[in-house]
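An overview of the molecular structure
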Amino acid sequence: MNQSVFRLIAILSILSTLLGVSLNAWAVVNPKKKAKKKLRVIDIRGFGDSGFIGGNHQFHRPEEWAIEQKLLRVAPLRSPHVNFVNLEGTLVSECERFASKRYSFVMAPEVLLSFARAGFNMFGLANNHSRDCQMPSPEQEFAKINRFLRKMAPKTIWHGSASEPRELWQSIPILVVRGVRIGMVAIKAWENDVATSVGNLTNRHQIFQALKEAKVDLRVLSLHGGEENKHVPTDLMIDIAREFVGIYDGDIVFGHHSHTIQGFEMLQKKDGRVASVFYSLGNFLHDGLSSRGEGMMAQVKATKRGVMPHSVQVFPLNSESELPGPANSKDLRRARDIWRRSNRSIAARPLPRGTGLRRLSWELTPVQI
């Protein structure tokens, strides 16, 4: 090998060494640190039984401006991100024959639209009034209504009523807020209820399993059931809520139907994440039940990792007006007494075995708005 070749090898070796040193030095001076992505927080609020029905066993097109005037007056209660409400009644465009029962609640789809325009974007439609209109059948009507609502309120989700049963678990609604994917389902909780196109005890396992398998960060259940005018949830309601959390990885349960406020609990799952259960939110905006003003707002803050345990709050609403608003001192004292008694009853109910659930100590101070 001649000298020129040796010189070339030496030069390349030196350049390689120098280049390596300079690159290493640059890497030290200019480290490419992976900045930790800050998790975005969302504010989720739950409200109880609602609906503008135009009178019992009647049906007419709602005066939307009148509804929205009421909704504007409760605007300070809303979250900027997620607002859940249970719409208690049948959604149909018209009704010629009502169910033969004492109270029949039937409302036009424009009612949901009015709530949506006012910032409500998550609706439970499974309840004991979901089939109060018998002609035309709600199943026939719902397919048409579904298309109408998807077009008019595309950033809103609802669940619990369908044109046929399998739709309830084949199409899980998902709301995306600040990058957090939230799935929501709704059922009514009555024993011996036949399988229908309303979410209920019979088809709940298929619905819950579909939600568990959905690609979501948070799972929410709208649970309608229990006994009316009672402040303590039934054993069945407690069992279903804990089943949803422990077996199906649920995160939030919004209960309703009793038209009263009930207690709440916080549960820790196997993976360490927590879930919040509110057994009854009472009434919100319900012109069919305007004389029963007992209600509450539940607030939960969450990220993609789940519920933030120290963020959970409950707000009693006033009971002396048809329009919900801040509770007075009398309402607040009464709400505290109710929750104290109700929570003791809930805590006395043993946790289901095999779910890995643990009850967290949850000393909440109800807050005045």
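Shown above is the structure to which this text applies.
Just so it is clear, the model here is predicted, and its values are computed rather than measured.

Cut-offs applied
- Position labels on residues start from 1 in each chain and follow its written sequence.
- Reporting in this predicted model follows two pLDDT cut-offs: at least 70 for local features of residues, and 80 or more for side-chain atom pairs to be given and counted; totals over whole chains, interfaces and linings ignore these cut-offs and use all residues.
- By convention in this description, side-chain values take in all heavy atoms of the structure and omit both hydrogens and water.
- Every helix listed is a DSSP run of H or I at least four residues long, and every strand listed is a run of E at least two residues long, numbered separately from the N terminus.
- In what follows, residue pairs with any heavy atoms lying within 4.5 Å of each other are defined as contacts.
- Between any two strands, pairing holds if DSSP finds at least two bridges.
- Fitted lines through C-alpha atoms serve as axes, helices being fitted only where they are in contact, and the angles separating the N-to-C directions of these axes extend from 0 to 180 degrees.
- Any pair of Phe, Tyr and Trp rings, taking the six-membered ring for Trp, is counted once the centres come within 6.5 Å. Such a pair is stacked with planes under 30 degrees apart, edge-to-face with planes over 60 apart, and tilted for the rest.
- Note on classification: 1.4 Å probe, protein chains only; a residue is buried when its accessible area is under 20% of the maximum for its type, exposed when over 50%, partly exposed between these limits.
- Any carboxyl oxygen of Asp or Glu within 4 Å of a side-chain nitrogen of Lys or Arg constitutes a salt bridge here.

1. What about the overall build of the protein chain?
For the protein chain, the helix and strand inventory stands at 8 helices and 19 strands. Contacts spanning at least 24 positions in sequence make up 75% of the contacts within the protein chain whose residues lie at least 6 apart.

2. A look at the sheet that holds strand S14 (residues 274–278)
Across the sheet, 7 strands lie side by side as S9-S10-S11-S12-S14-S13-S19; this open sheet has mixed pairing. Of all strands in the sheet, those bounded by a partner on one side alone are strand S9 (174–177) and strand S19 (358–359). Relative to strand S10 (residues 180–189), S9 runs antiparallel, the two being bridged by 4 bridges. Bridge assignment links Leu 175 to a residue of S10, and that residue is Ile 182. Against the sheet, helix H6 (residues 204–213) makes contact with S10 and strand S11 (218–225), and its axis sits at roughly 175 degrees relative to S10, the strand it touches most.

3. Remarks on the environment of Ala 214
The topology assignment puts Ala 214 in the loop between H6 and S11. In sequence terms Ala 214 and Pro 173 are 41 residues apart; their C-alpha atoms lie 9.5 Å from each other.

4. Topic: the packing of aromatic side chains
This model, assessed by the stated rule, comprises 12 aromatic pairs. Arranged with centres 5.1 Å apart and planes meeting at 15 degrees, the rings of Phe 84 and Phe 254 form a pair that is stacked. With Phe 84 in strand S2 (residues 82–87) and Phe 254 in strand S12 (residues 252–256), the pair connects residues that are 170 residues apart, well separated along the chain. Relative accessible area serves as the criterion here: at 0%, Phe 84 is assigned to the buried category. Taking 5.4 Å as the distance between ring centres and 65 degrees as the angle between the ring planes, the aromatic pair formed by Phe 208 and Tyr 248 counts as edge-to-face. Of this pair, Phe 208 sits in helix H6 while Tyr 248 sits in the loop between helix H7 (235–246) and S12, and the two are 40 residues apart along the sequence. Comparing Phe 208 with Tyr 248, the two get one shared label, buried.

5. Some thoughts on unusual backbone geometry
Residue Pro 136 is reached from Met 135 by a cis peptide bond, and omega for that bond is -5 degrees. Even without being a glycine, Asp 249 presents a positive backbone phi close to 60 degrees. Relative to the assigned elements, Asp 249 resides in the loop between H7 and S12. Even without glycine at this site, His 257 takes up a positive phi of about 120 degrees.

6. So, the pairing of S12
Buried residues dominate S12, accounting for 5 of its 5 residues. Neither face of S12 is exposed, since Ile 252, Phe 254 and His 256 on one face and Val 253 and Gly 255 on the opposite face are all buried. The sheet contact formed by S11 and S12 spans 5 bridges and is parallel. The residue bridging Ser 222 from the neighbouring strand is Phe 254, located in S12. Of the pairings in the sheet, the one linking S12 to S14 comprises 3 bridges and is parallel in character. For Ile 252, the partnering residue across the bridge sits in S14 and is Ser 276.

7. Side note on the environment of Val 277
Along the chain, Val 277 falls in strand S14. Taking the C-alpha atoms as reference points, Val 277 and Phe 264, 13 residues apart in sequence, are found 5.4 Å from one another. When near neighbours in sequence (up to four residues on either side) are disregarded, Val 277 contacts Ala 241, Val 245, Val 253, Gly 263, Phe 264, Glu 265 and Leu 267.

8. Structural notes on the pattern of salt bridges
Inspection of every chain in the model, using the stated rule, returns 19 salt bridges. Linking Glu 68 and Arg 117 is a salt bridge whose minimum nitrogen-to-oxygen distance equals 2.8 Å. With Glu 68 in helix H2 (residues 64–73) and Arg 117 in helix H3 (residues 109–117), the pair connects residues that are 49 residues apart, well separated along the chain. With a relative accessible area of 23%, Glu 68 lands in the partly exposed category. Across the pair Glu 141 and Lys 144 runs a salt bridge whose closest N-O atoms are separated by 3.1 Å. Here Glu 141 and its partner Lys 144 are both found in helix H4 (residues 138–152), 3 residues apart, which amounts to about one turn of the helix. According to the relative accessible area criterion, Glu 141 is buried, its value standing at 6%. Classification of Lys 144 by relative accessible area gives partly exposed; the value is 41%. A network of salt bridges, in which partner residues are shared, links Arg 219, Asp 249, Asp 251, Lys 269, Asp 271 and Arg 273.

Purely spatial values, then, with no claim about function.
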